[in-house]
Amino acid sequence: MRRPVVVIPCSTETVSGLTSDAAGRKYSAAVAEGADCQPLLLPVGKNLSDIGSVLDVASGILLTGAISNVHPENYGLEEPVLPDAIDRDRDAVTLPLIRAAVERKVPIMAICRGFQELNVALGGSLHQAVHTVEGYADHREPKVTDFDVMFAPRHPVTLKGELKAWLGQDQIIVNSLHGQGIRDLAKPLVAEAFAEDGLVEAARVAAGNTFSLGVQWHPEWQYTSNPASLALFRRFGDAARGMIAKGQAA
C-alpha cells in the first residue's frame, strides 16, 4: 500500500530576497519517518491552493509552527500586537482548510501556530501576548542561537482525556516556544493538556474524528528520542492510513 499523503501548508518567508513558500524540514521528517506518511508541501500564495483539490489527495493535514501569528481580525480583534509577524496568505489557506478537513473528518495534527489556527478556525480566540496576561507564565523560547537549548524541555503539562489514554501518562515535560496562546477554546474542541499556569496546551476535535489534535509545544523536535512525541506521530500516521482503508483519500 502506498504511504498516505499528509499535506503541510507552508508559511510565507523571504528567501534570498524572494517571497517563498517554506516549511521546516523537521516537520516533513517527522511525517515521513515518525508517521510513515508522504509529506506534501502546500503553497499559500494567493490563488495557488484549491482546498477541494487538496482534500481529494490528503489523508492527513499537518499544521506547523511558524514565526508568524494568526491575524487577530480572524477572532474579532482589529490590531495585531506584532504587526510585522503576520502571514495573511497562510491564514487564507489554513483556516478554511481546517474547517473543511474537520467536516470531512480528515486527520489533523496541529503544532504551535497550527494549534492556534485550529482554535481560531473553529471559533476560538487567542491571547496575543500570554506573558502580559496576569496569572500566566512567559512561554516564549530563550533568546539563544543553540537549537538544542531553544527546544529543550521547559515545563510539565498535565494530560487529560484521550491524550492521557494515548500516552499512558498523567504528565509529560514539553518545550515551549510561543508568545501567543489559547484565550477562549473553540466549542468543537476538548482541552487535553494544561500547563502549570492553567494555559491550554493541547486540544482535540471531539466529534467523531479519529485523530484531530493540536498541541502548543513542538513534538517534531527530536521526536525519535521522545517516546511521547513518537507515539503521537505514529497515531497520526495510523489515522491517515485509516482514511485510505475507508477509500476517502489517495
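Before reading on, note that the structure itself is shown above.
Below or above, wherever it landed, is the structure these notes cover. In this text the structure is predicted, and so the values were computed from the model without any measurement. (Residues numbered from 1 in each chain as written. Predicted model: local features only at pLDDT ≥ 70, side-chain atom pairs only at ≥ 80, totals over all residues. Heavy atoms only, no water.)

**Thoughts on the pattern of salt bridges**
Moving on, step 1. In this structure the tally under the stated criterion is twelve salt bridges.
Moving on, step 2. When the shortest N-O distance is used, the salt bridge between R3 and D36 registers 3.7 Å. Taken together, the residues span a long stretch of sequence, with R3 in the segment before β1 (5-9) and D36 in the loop between α1 (25-34) and β4 (38-42) at a distance of 33 residues.
Moving on, step 3. Among the salt bridges present, the one from D138 reaches R140, with a minimum N-O distance of 2.9 Å.
Moving on, step 4. Connected through shared salt-bridge partners, R90, D91, R113 and E117 make up one network. (Salt bridge = Lys/Arg side-chain N within 4 Å of Asp/Glu carboxyl O. Helix = DSSP H or I, 4+ residues; strand = E, 2+ residues; numbered from the N terminus.)

**Regarding the pairing of strand β9 (residues 171-174)**
Moving on, step 1. With burial as the criterion, only one face of β9 is covered, namely that bearing I172 and V174; the residues Q171 and I173 on the opposite face remain uncovered.
Moving on, step 2. Looking at chain direction, strand β8 (residues 155-159) and β9 are connected through four bridges and run antiparallel. Considered in β9, the bridge of H155 is made with V174. (Buried < 20%, exposed > 50% of the residue type's maximum accessible area, 1.4 Å probe, protein only. Pairing = 2+ DSSP bridges.)

**Brief notes about α1**
Moving on, step 1. Every buried residue belonging to α1 is among Y27, S28, A30, V31, A32 and G34, and all of these are buried.
Moving on, step 2. In this fold, the buried residues of α1 make contact with β1, β4, β5 (60-63), β6 (108-111) and α7 (227-245).
Moving on, step 3. Looking at the residues trailing α1, positive phi occurs at D36, about 55 degrees. (Contact = heavy atoms within 4.5 Å.)

**Notes on the packing of aromatic side chains**
Moving on, step 1. For the coordinates displayed, the defined rule picks out five aromatic pairs.
Moving on, step 2. Geometrically, the ring pair formed by F211 and F236 is tilted, given 5.6 Å between the ring centres and 45 degrees between the ring planes. Here F236 lies in helix α7 and F211 lies in the loop between β12 (200-205) and β13 (212-215), a separation of 25 residues in the sequence. When sorted by exposure, F211 lands in the same class as F236, which is buried.
Moving on, step 3. Note on Y223 and F233: the rings are 5.9 Å apart at their centroids and 55 degrees apart in plane angle, and the pair reads as tilted. With Y223 in the loop between β13 and α7 and F233 in helix α7, this residue pair connects regions lying ten residues apart in the sequence. (Phe/Tyr/Trp six-rings, centres within 6.5 Å; stacked < 30°, edge-to-face > 60°.)

**Description of the side chain of S28**
Moving on, step 1. Tracing the chain through its elements places S28 in helix α1.
Moving on, step 2. Looking at S28, the relative accessible area reads 13%, which means it is buried.
Moving on, step 3. Beyond its immediate stretch of four places on either side in the chain, S28 contacts I8, P39 and L41.

**Some thoughts on the pairing of β8**
Moving on, step 1. The element β8 is largely enclosed, with a buried count of four among its five residues.
Moving on, step 2. As paired elements, β8 and strand β11 (residues 189-195) share three bridges and run antiparallel to each other. Across the sheet, the residue bridging to T158 is F194, located in β11.

Fair warning: the whole summary comes from geometry, so function is off the table for now.
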